[in-house]
Amino acid sequence: MARDHSLEQQALKVLHQNSHLSFYQDTLQRHILPSRHYYTHQWFWDSCMHAMGLAYYDMKWAQDEIASLFHGQWDNGFIGHIIFNTSDTTYYPGIDVWGTKQLSPRNVYTSGIIQPPLLAISMNHMDLLSSKNDNFIDTYLPKLMLYHTYLKTVRDKEDSGLLTIIHPWESGTDNSPRWDSILSRINVANIPERVKKDVDQNRKDTKNGKISHRPQRNDYYRYLYLVDMYKNLKWNSDAILEKTPFAIKDTLVNSMWAKANQALSDMLTRRNRLPEAQLFANWARETRSAMRKSWNNKKHLYALYDVSYGKHQAIDTDTVSNFMPLYAHIPTPEHLSALLKKLTDPTQYGSVNPVPSVPLTSPSFEPTRYWRGPTWPITNLFIIEGLKTYTKNAVCQTLAKKLLRKTEAMIEKKGFYEYYHPFASKKESGVGFGDFSWSAAIYLYLKKRYTIQDDQTDSVRNSHQAFKKSQSS
Ligand code: GLC
């Protein structure tokens, strides 16, 4: 039976329509905006995801997406979570709020904070699909290694194996309840009036989008308070880490960090650069081991650590980030069975449109408010791929397949929304902004990497090879 390509075509159309052209060092370059409705610049982990989906359809397009991220890399290796389009002012906080002009490369403007470090994962995926004579990865490997070295030396100075994040936005899960206890220590009354006024006058997400879907006002004051503080500290990392009330060893970010170091190591191994490959494999191992130690046996979750002001205090809020270690194959058999129970429990994460960002019965659960309840395709992808790595565990394989089908069905039914209502019966299943790029890219990635192979061979073990073979036959 002929396969229906129409949704794949629509997904590609969304990515095409959200493409942005600009000049960089006198050459025309392109990248994809997460959404024309609001996110009108380039976002780091969104772009890593765009490239992963695009790699199956147009490798050059995927490479442009990644190259554009590297164009924003600072001399010290840092890559910001936003690379700004200088002509667009739709999004707040824009270029001037960050005060990073002196640090960014010439004529490129970026934010001063990171996002989950997916870059090596994305590049490794591209590497596996690229033709032999394509030297894109070789060209950018030194920059990628510099980026990893930056993260390790600046965000894990104490060599704990775990990176520290300094802003909720660095986790990619902005208003997750796992930040509540820390953010509540920033007293809104003590935030300078000029910061609050700037937010009140310039915040646009609540105007372009629905106010009930977006983070609360007091949280926005706190987000901008942190940015203002770091700007005043001239983005000096040592000073920031010493003074910030928000310094966290986060589960999601560190799961990606472990996976990314392994991916970088794999790319180097493929090139026979064994001592370097060993170094990054060691970093991955250290992170996996540190995360296993953070397991809370009573609550069945990987704790986060608040390391502000020299503390080392566990935070045990249960959110979808607790499943992210699956992606880096961190859970031991005991952890795994506890996680599987939570994932399938209809009072916790087993919703009609799984996997909600917060357990359904948590007092913090709000079905449409951003990272406080809705289901996000990106976290689903990490869970699906994580479960698939437990190749000998039939329960994991079955659940991965089920989640894959449900994620695709959710997108097929509603279109490419930013995120989704966890209950399908509600009318408002697609939430946030529509025509959203990473939902389109994730749809393409899942289709090509798993569904098509599943349909044809019922095997996903060697899906990269299977894909390559299917292209050449
Ligand atoms: C929001 C999300 C973040 C994403 C960005 C652009 O800030 O929380 O994860 O990268 O939007 O889509």
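Look up a bit, the structure's there.
This is a predicted model, so every value here is computed, not measured. (Residues numbered from 1 in each chain as written. Predicted model: local features only at pLDDT ≥ 70, side-chain atom pairs only at ≥ 80, totals over all residues. Heavy atoms only, no water.)

Engineer: Honestly, the site of the ligand in this entry has me stumped. Any pointers?
Structural biologist: Lining the immediate surroundings of the ligand are Pro 34, Tyr 39, Trp 43, Trp 45, Asp 46, Gln 115, Gly 172, Asp 174, Tyr 370, Trp 371, Phe 436 and Trp 438. At 2.6 Å, a side-chain N or O of Asp 46 approaches an oxygen atom of the ligand. Gly 172 places a main-chain nitrogen or oxygen 2.6 Å from an oxygen atom of the ligand. Notes on the ligand: free accessible area 310 Å², of which the protein chains cover 97%. Taken together, the residues that form the shell around the ligand break down as eight nonpolar, two polar and two charged. (Near = heavy atom within 4 Å. Polar contact = N/O pair within 3.5 Å; in protein donor to acceptor, adjacent residues only side chain to side chain. Areas by Shrake-Rupley, 256 points an atom, 1.4 Å probe, with all protein chains shown as cover. Nonpolar A, V, L, I, M, F, W, Y, C, P; charged D, E, K, R; others polar.)

Engineer: For this particular structure, what's the right way to read the pairing of strand S1 (residues 19-24)?
Structural biologist: In the case of a regular strand, side chains alternate between the two sheet surfaces. Sheet topology places S1 next to strand S2 (residues 27-32); six bridges connect them, and they run antiparallel. Across the sheet, Phe 23 pairs through a bridge with Leu 28, a residue of S2. From the end of S1 to the start of S2, which pair antiparallel, there are two residues, and Gln 25 there has a positive phi angle of about 45 degrees. (Pairing = 2+ DSSP bridges. Helix = DSSP H or I, 4+ residues; strand = E, 2+ residues; numbered from the N terminus.)

Engineer: Would you mind going over the packing of aromatic side chains with me for this structure?
Structural biologist: The way to describe two aromatic rings as a pair is by their centre distance and the angle between their planes. Under the definition given, this model contains 37 aromatic pairs. With centroids separated by 4.8 Å and ring planes inclined at 85 degrees, the aromatic side chains of Trp 43 and Tyr 91 adopt a geometry described as edge-to-face. One end of the pair, Trp 43, is in strand S3 (residues 42-43); the other, Tyr 91, is in the loop between strand S4 (82-83) and helix H4 (95-98), and 48 residues separate them in sequence. As far as burial versus exposure is concerned, Trp 43 and Tyr 91 are alike and both buried. Relative to Tyr 223, the ring of Tyr 220 lies with its centre 5.4 Å away and its plane at 70 degrees, an arrangement referred to as edge-to-face. Residue Tyr 220 and its partner Tyr 223 are located together in helix H10 (residues 217-232), separated by three residues, close to a single helical turn. For the pair formed by Tyr 220 and Tyr 223, the shared burial category is buried. Positioned above the aromatic ring of Tyr 220, the side-chain terminus of Arg 203 is 3.6 Å from the ring centre. (Phe/Tyr/Trp six-rings, centres within 6.5 Å; stacked < 30°, edge-to-face > 60°. Buried < 20%, exposed > 50% of the residue type's maximum accessible area, 1.4 Å probe, protein only. Lys NZ or Arg CZ within 6 Å of the ring centre and 35° of its normal.)

Engineer: Looking at this structure, I do not really get the nonpolar core. What am I missing?
Structural biologist: Leu 119, Leu 144, Leu 224, Phe 323, Ile 378, Ile 383 and Leu 387 are the most contacted members of the largest nonpolar core, which has 149 residues in total. Residues contacting Phe 323, with those up to four places away along its chain left out, are Leu 339, Lys 342, Leu 343, Tyr 349, Val 355 and Ile 383. (Core = buried A, V, L, I, M, F, W, Y, C linked by side-chain atoms within 4.5 Å. Contact = heavy atoms within 4.5 Å.)

Engineer: Quick question: what am I supposed to make of the pattern of salt bridges here?
Structural biologist: Between side chains of opposite charge, pairing is possible as soon as their charged atoms come close. Summed over the entire model, instances satisfying the criterion amount to 32 salt bridges. Arg 203 is the partner of Asp 205 in a salt bridge, and the nearest nitrogen-oxygen pair spans 2.6 Å. Arg 203 carries the same exposure label as Asp 205, and that label is buried. For Glu 385, the salt bridge is made with Arg 449, and the minimal N-O distance between the two is 3.2 Å. Of this pair, Glu 385 sits in helix H15 (residues 377-388) while Arg 449 sits in helix H17 (residues 437-457), placing them 64 residues apart in sequence. Counted as one network, the salt bridges with shared partners bring together Lys 152, Asp 156, Glu 158, Asp 159, Lys 249 and Glu 286. (Salt bridge = Lys/Arg side-chain N within 4 Å of Asp/Glu carboxyl O.)

Engineer: How should the packing of helix H5 (residues 119-129) against helix H6 (residues 136-155) be read in this particular structure?
Structural biologist: Each pair of packed helices can be summarised by the angle the axes make with each other and by the distance between the axes. It is at 11 Å that the axes of H5 and H6 come closest, and there the two elements cross at 160 degrees. Put simply, H5 runs roughly antiparallel to H6. In the packing of H5 onto H6, the handedness of the crossing is left-handed. Contacts between H5 and H6 pair Leu 119, Ala 120, Met 123, Met 126 and Asp 127 from the former with Phe 136, Ile 137, Tyr 140, Leu 144, Tyr 147 and His 148 from the latter. Tallied by class, residues from the contact of H5 with H6 come to nine nonpolar, one polar and one charged. (Axes fitted to C-alpha atoms, helices over the stretch in contact; angles between N-to-C directions. Parallel < 35°, antiparallel > 145°, perpendicular 65-115°, else oblique. Left-handed = near helix turned anticlockwise from the far one by under 90°.)

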